[in-house]
Amino acid sequence: MDTPEISTHDAEADPRNDRLLIYVNGALVPKSEAKVSVYDSGFMLGDGMWEGLRLYDGEWAFFDDHMDRLFNSLKSVSIDIGIGPDGVRDLLDRTAAANGMVSDAHCRLMVTRGRKVKPFQHPGLSRFGPTIVAVVEHSKPAEDLQSRGIRLATVPQVRGLPTSQDPKFNSHSKLNCVIACLQAEQAGADEALMLDPHGFVNTTNACNFFIVRRGEVWTSTGDYCMNGVTRANVIEICRQNDIPVFEKNFSLYEAYGADEAFLTGTFGAQTPVASIDGKDIGEEGGAGSITRRIRALYKDLVAQNVAGQQSLRGKKS
């Protein structure tokens, strides 16, 4: 029997998500009524940026890091949303509160250049201000991913050079990654392992990629992938806890022979990789000992970050 396809974003079913209120340009509207114009630049062209954030104990974990990336990206493509990080936090908090959320929630914050006066490419045609949408769902990663792991397939679609479209942008223009995901599914895998323009192992279509070899943690140089917040936190965790970690070029040869492999992302934190191109990774079918240690250390780091934000808010109030 074929193994059903899964993804790093598989979540436990929650019927409360049928009754969500969505933030759309200052208003909280029922999920069934949440809409943007067909003239919106994000719909027409993928002209926008987004962030994924998780809510723990009433705080958005690593909020400052997410805002640094978001506002750097918006500045790079000349989108002014008229508010700063505090304004973003306020709209996220209002949306979470309206939905009765304190923990185990995930937000997809989307910003586009806004509605256009004509259905053409030039950014000057977006004359009505930006579109800001926040979809916050009750969302908890599926537990069986930790024991089962993700099956990856190497695909021909690559992450390109910064001179074409810099892969560091967390942009709405995700067709490159969608094509990669389709190629992986057609090869019988769950997600795609993408190479860089030089043929080195890079990232997946949805997450950053790590391997473990002989007690060392390896990931790509970061030159051709989205530099994830969770990726950076995992690297720092390793450095602070005497786990050798390297950002370096490596090929499929090293990946196939890895003792462990895992993916990082805001939603799933660390998701083990069970196989690459049909070759089993490690002997445990899921998270190995180092992956499990990193996952535990990351959970502690989230708690520290949340507690720090709560303390800072308490001093301001």
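Keep in mind that this is a model prediction, so the values were computed, not measured.

A.B. asks: How should the nonpolar core be read in this particular structure?
C.D. replies: In globular proteins that are soluble, nonpolar side chains generally tend to be buried together. By size, the foremost hydrophobic cluster in this structure holds 27 residues, and its most contacted members are Trp-60, Leu-92 and Leu-109. Mapped by element, the contributors of at least two residues to this core are β1 (21–24), β3 (48–56), α2 (63–76), α3 (85–98), β5 (105–112) and β6 (131–138). Judged by nonpolar contacts, the second largest core, of 21 residues, contains Leu-193, Cys-207, Ala-258 and Val-273.

A.B. asks: Can you walk me through unusual backbone geometry in this structure?
C.D. replies: In terms of backbone geometry, most residues other than glycine have negative phi values and most peptide bonds are trans. Phi at Asp-57 takes a positive value of approximately 50 degrees, unusual for a residue other than glycine. Among the structural elements, Asp-57 can be located in the loop between β3 and β4 (59–60).

A.B. asks: Honestly, the side chain of Thr-219 in this entry has me stumped. Any pointers?
C.D. replies: You can see Thr-219 is positioned in strand β11 (residues 216–219). Judged by relative accessible area, which is 0%, Thr-219 ranks as buried. In this structure, Thr-219 is in contact with Phe-209, Phe-210, Arg-231, Ile-235, Phe-246, Glu-247, Lys-248 and Phe-250, ignoring residues within four places of it in sequence.

A.B. asks: Explain the sheet that holds β5 here, please?
C.D. replies: The strands making up a sheet are joined through hydrogen bonds of the backbone, oriented either antiparallel or parallel. On the basis of which strands lie adjacent, the open sheet formed by six strands has the order β2-β1-β6-β5-β3-β4 and antiparallel pairing. Every interior strand has two partners, whereas the edge strands, β2 (27–30) and β4, have only one. The pairing of β3 with β4 spans two bridges and is antiparallel. Residue pairing for β4: Tyr-56 is matched across the bridge by Glu-59.

A.B. asks: Looking at this structure, I do not really get the packing of helix α7 (residues 229–240) against helix α9 (residues 289–316). What am I missing?
C.D. replies: Axis angle and axis distance: for two packed helices, these are the angle between their axes and the distance between the axes, and together they describe the pair. Relative orientation of the contacting elements α7 and α9 amounts to 105 degrees, with a least axis distance of 10 Å. The angle between the axes of α7 and α9 places the two elements in the roughly perpendicular class. Counting all contacts with α7, which are made through Thr-230, Asn-233, Val-234, Ile-237 and Cys-238, the residues of α9 involved are Ile-294, Leu-297, Tyr-298 and Leu-301. Classifying every residue of the contact of α7 with α9 gives seven nonpolar, two polar and no charged.

A.B. asks: How should I be thinking about the packing of α2 against α3 in this particular structure?
C.D. replies: Packing of α2 against α3 brings their axes to within 10 Å, and their N-to-C directions diverge by 115 degrees. As α2 runs across α3, the sense of the crossing is right-handed. Between α2, through Phe-63, Asp-64, Met-67 and Phe-71, and α3, the contact on the second element is made entirely by Pro-85, Val-88, Arg-89 and Leu-92.

A.B. asks: What am I meant to see in the pattern of salt bridges here?
C.D. replies: Close approach of charged atoms allows side chains with opposite charge to pair. A full pass over the atoms with the stated rule returns eight salt bridges. Close ionic contact of Arg-69 with Glu-51 constitutes a salt bridge, the shortest N to O distance being 2.8 Å. Pair noted here: Arg-69 is in helix α2 and Glu-51 is in strand β3, with a separation of 18 residues, a long-range link. Under the relative-accessibility criterion, Glu-51 is labelled buried at 1%. For Arg-94, the salt bridge goes to Asp-90, with nearest N and O atoms at 3.2 Å. You can see Arg-94 and its partner Asp-90 sitting in helix α3, four residues apart, about one turn around the helix.

A.B. asks: What is the right way to read the environment of Ile-79 from this model?
C.D. replies: Assignment of secondary structure puts Ile-79 in the loop between α2 and α3. Between the alpha carbons of Ile-79 and Gly-129 there is a distance of 9.0 Å; along the sequence they are 50 residues apart. When residues no more than four places from it in sequence are discounted, the contact partners of Ile-79 are Asp-47, Gly-48, Leu-74, Val-111, Thr-112, Arg-113 and Pro-130.

A.B. asks: Looking at this model, I keep getting lost on the pairing of β5. Mind explaining?
C.D. replies: Each regular strand displays side chains that alternate between the two surfaces of the sheet. With six of its eight residues buried, β5 lies for the most part within the structure. Pairing analysis gives eight bridges linking β3 to β5, with the strands arranged antiparallel. Counted as the bridge partner of Arg-54 is His-106 from β5.

A.B. asks: Teacher, can you tell me more about helix α6 (residues 175–186) here?
C.D. replies: Its twelve residues place the ends of α6 16 Å apart at the C-alpha level, agreeing with the 16 Å of an ideal helix rising 1.5 Å per residue. Looking only at α6, the buried set comprises Cys-177, Ala-180, Cys-181 and Ala-184. End-on, the buried residues of α6 take up no more than an arc of 100 degrees, which puts them together on one face. More than 90 degrees from the buried face of α6, the exposed residues found are Leu-175 and Gln-186. Those residues of α6 that are buried lie in contact with β7 (150–154) and β8 (191–195).

The rules we used
Residues numbered from 1 in each chain as written. Predicted model: local features only at pLDDT ≥ 70, side-chain atom pairs only at ≥ 80, totals over all residues. Heavy atoms only, no water. Core = buried A, V, L, I, M, F, W, Y, C linked by side-chain atoms within 4.5 Å. Buried < 20%, exposed > 50% of the residue type's maximum accessible area, 1.4 Å probe, protein only. Helix = DSSP H or I, 4+ residues; strand = E, 2+ residues; numbered from the N terminus. Contact = heavy atoms within 4.5 Å. Pairing = 2+ DSSP bridges. Axes fitted to C-alpha atoms, helices over the stretch in contact; angles between N-to-C directions. Parallel < 35°, antiparallel > 145°, perpendicular 65-115°, else oblique. Nonpolar A, V, L, I, M, F, W, Y, C, P; charged D, E, K, R; others polar. Left-handed = near helix turned anticlockwise from the far one by under 90°. Salt bridge = Lys/Arg side-chain N within 4 Å of Asp/Glu carboxyl O. Expected span 1.5 Å × (residues − 1). Arc of directions from axis to C-beta.

So far we have only geometry, and geometry alone does not tell us how the molecule works.
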